[in-house]
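# Coordinate inspection notes
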Amino acid sequence: MKRIADIALPLTVAALALGGWEWAVHAYAVPEYVLPAPSGIARAFCANFASLMGSLLATLSVTLQAFIAASLLGVMLAIGFTQSRLLERTFYPYAVMLQVTPVVAIAPLILIWVGFDQVNLALVIIATIVAFFPVLAGATLGLKSADFNLLDLMRLHGASRWQILWRVRLPTALPYLLSGMKTAGGLALIGAVVAEFVAGSGTATGLAWRIVESGNRLEIATLFAALALLAVAGVTIFAALSLLEWLLLRRWHESAINRP
Amino acid sequence: MTLLALSDVGKRFTGGTRFADGTEALRGLSFSIAPGEFVALVGPSGCGKSTALRLAAGLLTPDAGTVAWPDGRPETGFVFQDATLMPWADARTNARLPLDLKGVPRRQADARAAEALARAGLDGFGHAFPRELSGGMKMRVSLARALVSQPRLLLLDEPFAALDEITRQALGDDLKRLWQIHNLTVLFVTHSAAESAWLAGRVLVMTPRPGRIAADIPLPPGRDTRLAPATIEAQRAISAALGEAMAAA
């Protein structure tokens, strides 16, 4: 019963909102270039299906590459930080600086340095910088959260640093890491969109570029269709990472266990 | 014959404590243990019992005095107050840990872990995860893990303190049985006079911090049950020694 409600209630709200929207646009004769009706957006979506899918693929490809790069970079830096206090003292301030600097501000620089002939690489780099900090923060906290007694036990039995990392620190860090990766997945998409905005039309081919271009041409229905695709992409990324989290933690971690 | 000897050991902890000059946990602590003994280390909370145990395991080094293992560092099992299991691994993988770290082949390690679990009273629970086990069962996994590498020396740090009375008694009985069949040397930290009177062959009573040995009490035979007159008499002697150690401080 509760399950049905979980699905039915949001769907009802969506139906009511879309119906109200559709009705209001027609009732008040809102021009299409200000606010298109849902039916108009659906028509624009169908009419531009192939090119919109191409754009979605381009944005998703940048997002995915950035997400993987951010995850690897975050985990490797976190391992470095927890294995060496010197490394952490030296580089942590720079990691924070990279995080607190609004990355939009350095995006033009990165585009110039990487060059517009490799615009996709530039987009991935920008999105990676946007996404990597939560992974670093989560993994660092997780690697440091290992049970002291368990670490003592490992030492007692002559475990090497590598064995301690692999058998105790990394599994302990997994819930923290996955939580950071969930945030990073959303940020990678945001980073990809921002990077496309900065790169501007003519170079990028993703959904953000479609939004800018449709806006310039006053094709607001197409703009909304691209926006809807971005929203779906964001939700899908989040759902996929939540599923991964559940699969990895369901046997042992409190956060993933369903209580009756 | 001596397996383990601490002589005139001092240990002070600096940093991370509330005291500017650090906390002096131990001062002038001396005792030795012969192979096959079951020794209880009894004292008030905060008297440095756990520190002494970590020194005996070689996990800490003393600031003063020496910790010596005349026959070389023995293979050692350690049981903490909490079960200290890996929550992401099942009971068998947890019990297998010391063997995995030594590189014992998986098949052999699995067999030995299963055997250790069975000895600790957990036959058939090898695939259960720690969160699926009760507090007492988790402690049994911890005990199996400590015994799986066939240690000569078993160190226990108030292992049953967090358990209910019935489970504590059952585990105490099992520990005594395991000590006998494995021909172990046991150093058992506790604050319970009753527990040490029943389990140990010799009781070391510690003073409040900084801890040292206030009394070394060999217990007489004839303590066949928890409530045998000899057991009760031993408990009375330990309690009296504890009281004296507290009063003298």
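Structure: above.
Residues numbered from 1 in each chain as written. Chains lettered and ligands numbered in written order. Predicted model: local features only at pLDDT ≥ 70, side-chain atom pairs only at ≥ 80, totals over all residues. Heavy atoms only, no water.

## A short note on the nonpolar core
Residues Ile-126, Leu-136 and Leu-207 of chain A are the most contacted members of the largest nonpolar core, which totals 52 residues. Other than its neighbours up to four places away in sequence, Ile-126 of chain A contacts Val-103, Ala-107, Ile-110, Leu-111, Gly-191 and Ala-195 of chain A. Ranked by size, the runner-up nonpolar core spans 48 residues in total, among them Leu-6, Phe-31, Leu-55 and Ala-56 of chain B. (Core = buried A, V, L, I, M, F, W, Y, C linked by side-chain atoms within 4.5 Å. Buried < 20%, exposed > 50% of the residue type's maximum accessible area, 1.4 Å probe, protein only. Contact = heavy atoms within 4.5 Å.)

## Here we look at the pairing of strand S6 (residues 153-157) of chain B
Residues and elements named next belong to chain B. Counting buried residues along S6, 5 of its 5 residues qualify, which places the element largely inside the surrounding structure. Burial along S6 is two-sided: Leu-153, Leu-155 and Asp-157 facing one way and Leu-154 and Leu-156 facing the other are all buried. Judged from the 4 bridges that link them, strand S5 (residues 76-79) and S6 form a sheet pairing that is parallel. In the sheet register, Val-79 faces S6, and the bridge partner there is Leu-156. Pairing of S6 with strand S7 (residues 185-190) involves 5 bridges; the strand directions are parallel. Of the residues in S7, the one forming a bridge with Leu-155 is Leu-187. Handedness of the crossover joining S6 and S7 through helix H5 (residues 165-182): right-handed. (Helix = DSSP H or I, 4+ residues; strand = E, 2+ residues; numbered from the N terminus. Pairing = 2+ DSSP bridges. Right-handed = clockwise from strand over helix to strand, strands pointing away.)

## Some details on the packing of helix H6 (residues 119-144) of chain A against helix H8 (residues 161-199) of chain A
Residues and elements named next belong to chain A. Running from amino to carboxyl end, H6 crosses H8 at an angle of 150°, the nearest separation of the two axes being 6 Å. Put simply, H6 runs roughly antiparallel to H8. Viewed along their axes, H6 and H8 form a crossing whose handedness is right-handed. In the contact of H6 with H8, the residues fall into 23 nonpolar, 6 polar and 3 charged. (Axes fitted to C-alpha atoms, helices over the stretch in contact; angles between N-to-C directions. Parallel < 35°, antiparallel > 145°, perpendicular 65-115°, else oblique. Left-handed = near helix turned anticlockwise from the far one by under 90°. Nonpolar A, V, L, I, M, F, W, Y, C, P; charged D, E, K, R; others polar.)

## Points about the interface of chain A and chain B
In this assembly, 18 residues from chain A lie in contact with 24 residues from chain B. Taken over both partners, the interface formed by chain A and chain B buries close to 2,100 Å², and the fraction arising from carbon and sulfur atoms is 64%. Here Glu-132 of chain B makes a salt bridge to Arg-251 of chain A, at a shortest N to O gap of 3.7 Å. At the junction of chain A and chain B, the tally comes to 4 residue pairs in polar contact (both at pLDDT 80 or more). Of all elements in the fold, only helix H7 (148-156) and H8 of chain A reach the threshold of two or more residues within the side of chain A that touches chain B. Its residues placed into classes, the side of chain A that touches chain B shows 9 nonpolar, 4 polar and 5 charged. (Buried area = accessible area lost by both parts, 1.4 Å probe. Salt bridge = Lys/Arg side-chain N within 4 Å of Asp/Glu carboxyl O. Polar contact = N/O pair within 3.5 Å; in protein donor to acceptor, adjacent residues only side chain to side chain.)

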